[in-house]
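Letter by letter, the chains look like this.
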Amino acid sequence: MKYSYIFIALFVLFSSCKEERIVGVTSNKAMVVSARVEASKIGLQMLEKGGNAFDAMVATELALAVAYPYSGNLGGGGFMVYRKNDGSIGALDYREKAPLAATTDMFLDENGDVIKGKSTKTPLSVGVPGTIAGIFEVYNKFGTLPFKDIIQPSIDLAKRGVIVTQKQDKRIKKYKPSFWEANKDSTLFHQVWNEGDTIKYQALAETLTRIRDNGRDEFYKGKTAEIFVDFMQSNGGIITLQDLEKYEAKWRDPVTFTYDDLKVISMAPPSSGGVCLAQIMNAIEPFDLHTYKPNSTKAMQVMVEAERRAYADRSYFLGDPDFVSIPIKELIDKEYAKERMASFSFNKATTSKDINPGTIEVVESDETTHYSIVDQFGNAVSVTTTLNGAYGSKIYVSDLGFFLNNEMDDFSSKPGVPNMFGLVGAEANKIEPEKRMLSSMTPTIVEKNGKLWMIVGTPGGSTIITSVLQTILNVHEFGMGMQESVNQPRFHHQWLPDEIRIEPNKFDEKTLKELEALGYKLNTKRTPIIGKVDAILVLPDGSYEGGADPRGDDTAVGF
Ligand code: DON
């Protein structure tokens, strides 16, 4: 067999201490890990044809738009971080933008209060989509295969249809009332879909075919743009043709920092991912984390307290770098992290009301899905893309065959009022025309001793940063493999609300009691799962181990 498709992690017994270890899919040359097997396979096909990780990225992104409408998208946006085999790095921002007609108080009533639901499930919640601009930007810079060959498998998949998995069956049923509410009409997703059924996406196939034939402009200036804008305007949205014409994806310098012998390369603003991850890891680095057990009281304390302090800064300092000046260098300074942690003691939880955003001296002189790819040339790509909520705003453009994002909710509608992820923001992330909303997406690549070591990322809104953190630390500090690390239970603290969010029924009861005794509030009810991490680890012999999160239908394939 040329390569092996293995859909679920293998449970393998090994190691001298006779512990059971979980090992994921392994491969020698190349790997793609994404939220759906169809998308992982289509990405890998590009590599088999001799294409590179960037060709595979474009193909996987498009295939997810077909196979994973929950968050794969044409109507959303995302971020990509890459590291080429020569060590050069970069990042692409194809985040949605606020429309030209957006206003700072567009989600407030006459008393200045936030109108519930307006930023999450109305046509006003939709940001100008960036996905198609993003993939063409990547393709034009790094692509090697003919574009038609990259997009065709997704067109064929849309026509052939995608089989409903058990998890998808549940999701579609769960969101059906929201689809009605958002669309006030029946769409493809109102039909009864059960596990094992095949959903064919004819309208999406036609949209993709036009993009194949007419290129990027089809989405931003062509027939697709016109249908989209007509749809928006007739439903009370504010996105215009001018908004689409003006949209551009942007190359950004990734945020980089060290942690022991690792160099972490992650997303820059308008995502808070890289900066926050750097702040948290800087704060943890001085502690001998490896001497504590994973998910033990002490390990969780250190991580939670680092998270609390970083998220407090996130709320105040971060926003779109094209609109606000962000003291990145100062925020990710190791000394600053030490100062922030000075108030931490193992004897008692800090309370979030005692933590304010730090004082920075600025020296003059930013439902989702993640996929990770490494190609046979050693190029690595880490991509997180989103519609924001599950199926975005739930608004479905039937004539185009895709859902629209509700990314406008990632702005701070009103300083201090939490968004759907409970995140609070301030002036830096207020709504302004053409501004990008602050994100938590954290596509990340890690080097060890100067060589590619890990490609990692996840969905999960505000919990993205802390899931990426735990995945890296489980391997680096606690000696786990990739799949083993991905499978671990997760916890999360984001300053406000002042609680540790915990995956239910997965943690040691004794540890949880100890944390409560120290003054930590625990919330096991907020969400059944935290994150769906898809990652790749370079093993000591140079081969790859995939970590495909069993919390979803995620799948690693390789050769
Ligand atoms: O950009 C962000 O941070 C959010 N829009 C991500 C949303 C997300 O991860 C939802 N998935 N669970």
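For the structure itself, consult the block above.
Given the structure is predicted, the values throughout are model-derived calculations rather than measurements.

Conventions we followed
Residues numbered from 1 in each chain as written. Predicted model: local features only at pLDDT ≥ 70, side-chain atom pairs only at ≥ 80, totals over all residues. Heavy atoms only, no water. Pairing = 2+ DSSP bridges. Helix = DSSP H or I, 4+ residues; strand = E, 2+ residues; numbered from the N terminus. Contact = heavy atoms within 4.5 Å. Axes fitted to C-alpha atoms, helices over the stretch in contact; angles between N-to-C directions. Near = heavy atom within 4 Å. Polar contact = N/O pair within 3.5 Å; in protein donor to acceptor, adjacent residues only side chain to side chain. Areas by Shrake-Rupley, 256 points an atom, 1.4 Å probe, with all protein chains shown as cover. Nonpolar A, V, L, I, M, F, W, Y, C, P; charged D, E, K, R; others polar. Salt bridge = Lys/Arg side-chain N within 4 Å of Asp/Glu carboxyl O. Buried < 20%, exposed > 50% of the residue type's maximum accessible area, 1.4 Å probe, protein only. Expected span 1.5 Å × (residues − 1). Core = buried A, V, L, I, M, F, W, Y, C linked by side-chain atoms within 4.5 Å.

Caption draft 1: Structural context of the sheet that holds strand 11 (residues 255–259). Taken together, the seven strands give an open sheet; going across it, the order is 4-23-22-18-17-12-11, and neighbouring strands pair in antiparallel fashion. The open sheet has two edge strands, strand 4 (26–27) and strand 11, and neither has a second partner. Pairing of strand 18 (residues 451–456) with strand 22 (residues 534–538) involves two bridges; the strand directions are antiparallel. Counterpart to Met 454 in the pairing with strand 22 is Leu 537. Here helix 10 (residues 273–284) sits on the sheet and contacts strand 11, strand 12 (262–266) and strand 17 (444–448); the angle it forms with strand 11, its principal contact strand, is near 15 degrees. Packing against the sheet, helix 14 (residues 464–476) makes contact with strand 11, strand 12, strand 17, strand 18 and strand 22, and its axis sits at approximately 135 degrees to strand 18.

Caption draft 2: How the structure looks around the site of the ligand. Inspection of the region around the ligand gives 15 residues, with Glu 367, Thr 368, Glu 407, Asp 410 and Gly 461 positioned closest. Between the ligand and Arg 95, the relevant distance is 2.9 Å, taken from an oxygen atom to a side-chain nitrogen or oxygen of the residue. Contact distances for the ligand include 2.5 Å between an oxygen atom and a side-chain N or O atom of Thr 368. With the chains in place, 96% of the 350 Å² that the ligand exposes on its own is no longer accessible. Looking at the shell around the ligand, its residues break down into four nonpolar, seven polar and four charged.

Caption draft 3: Inspection of the sheet that holds strand 20 (residues 500–502) at higher detail. One open sheet accounts for three strands, arranged 19-20-21; its pairing is mixed. Looking at the sheet topology across the chains shown, the edges are occupied by strand 19 (491–492) and strand 21 (522–523). In this sheet, strand 21 lies alongside strand 20 in parallel orientation, the contact comprising two bridges. Among the inter-strand pairings, Ile 500 is bridged to a residue of strand 21, identified as Leu 522.

Caption draft 4: Layout of the pattern of salt bridges. Inspection of every chain in the model, using the stated rule, returns 30 salt bridges. Its salt-bridge partner being Arg 436, residue Asp 93 comes within 3.1 Å of it at the nearest N-O pair. As far as the burial class goes, Asp 93 and Arg 436 line up, both buried. The closest approach of N and O atoms between Lys 414 and Asp 113, which form a salt bridge, is 3.6 Å. Overall, Lys 414 belongs to the partly exposed group, its relative accessible area being 26%. By relative accessible area, which is 37% here, Asp 113 ends up partly exposed. Taken together, the salt bridges that share partners define one network made up of Asp 93, Lys 250, Arg 252, Asp 322 and Arg 436.

Caption draft 5: Here's a closer look at the pairing of strand 12. Of all five residues in strand 12, four are buried; the element is thus mostly enclosed. As paired elements, strand 11 and strand 12 share five bridges and run antiparallel to each other. What sits directly across from Thr 258, in strand 12, is Lys 263. The hairpin formed by strand 11 and strand 12 contains two residues between the paired strands, and Asp 260 there has a positive phi angle of roughly 50 degrees.

Caption draft 6: Expanded view of helix 2 (residues 53–67). With 15 residues, helix 2 should reach 21 Å at 1.5 Å per residue; the first-to-last C-alpha distance of 20 Å fits that figure. Counting buried positions along helix 2 yields 15 of 15 residues, so the element is predominantly enclosed. In this structure Asn 52 caps helix 2, since a side-chain oxygen of it lies 2.9 Å from the backbone nitrogen of Phe 54.

Caption draft 7: Representation of unusual backbone geometry within the structure. For the peptide bond that leads from Pro 269 to Pro 270, omega is 15 degrees, which places it in the cis range. Secondary-structure assignment places Pro 270 in the loop between strand 12 and helix 10. Of note, the amide linkage connecting Leu 496 to Pro 497 takes the cis form, showing an omega dihedral of -5 degrees. Relative to the helices and strands, Pro 497 is located in the loop between strand 19 and strand 20. Even without being a glycine, Lys 184 presents a positive backbone phi close to 50 degrees. Secondary-structure assignment places Lys 184 in the loop between helix 5 (166–183) and strand 9 (198–199). Owing to a relative accessible area of 68%, Lys 184 belongs among the exposed residues under this scheme. The phi angle at Asn 449 is positive, at roughly 45 degrees, despite the residue not being glycine. By the secondary structure assignment, Asn 449 is in the loop between strand 17 and strand 18.

Caption draft 8: Structural view of the nonpolar core. Counting residues in hydrophobic clusters, the biggest one holds 89 residues, and the most contacted among them are Leu 277, Met 281, Ile 284, Leu 289, Met 454 and Ile 472. Looking at this core element by element, the count peaks at 10 residues for helix 11 (residues 297–317). Excluding residues that lie within four positions of it along the chain, Ile 472 makes contacts with Leu 262, Leu 277, Met 281, Thr 444, Val 446, Trp 453, Met 454 and Val 456. Ranked by size, the runner-up nonpolar core spans 85 residues in total, among them Met 57, Tyr 70, Phe 179 and Trp 193.

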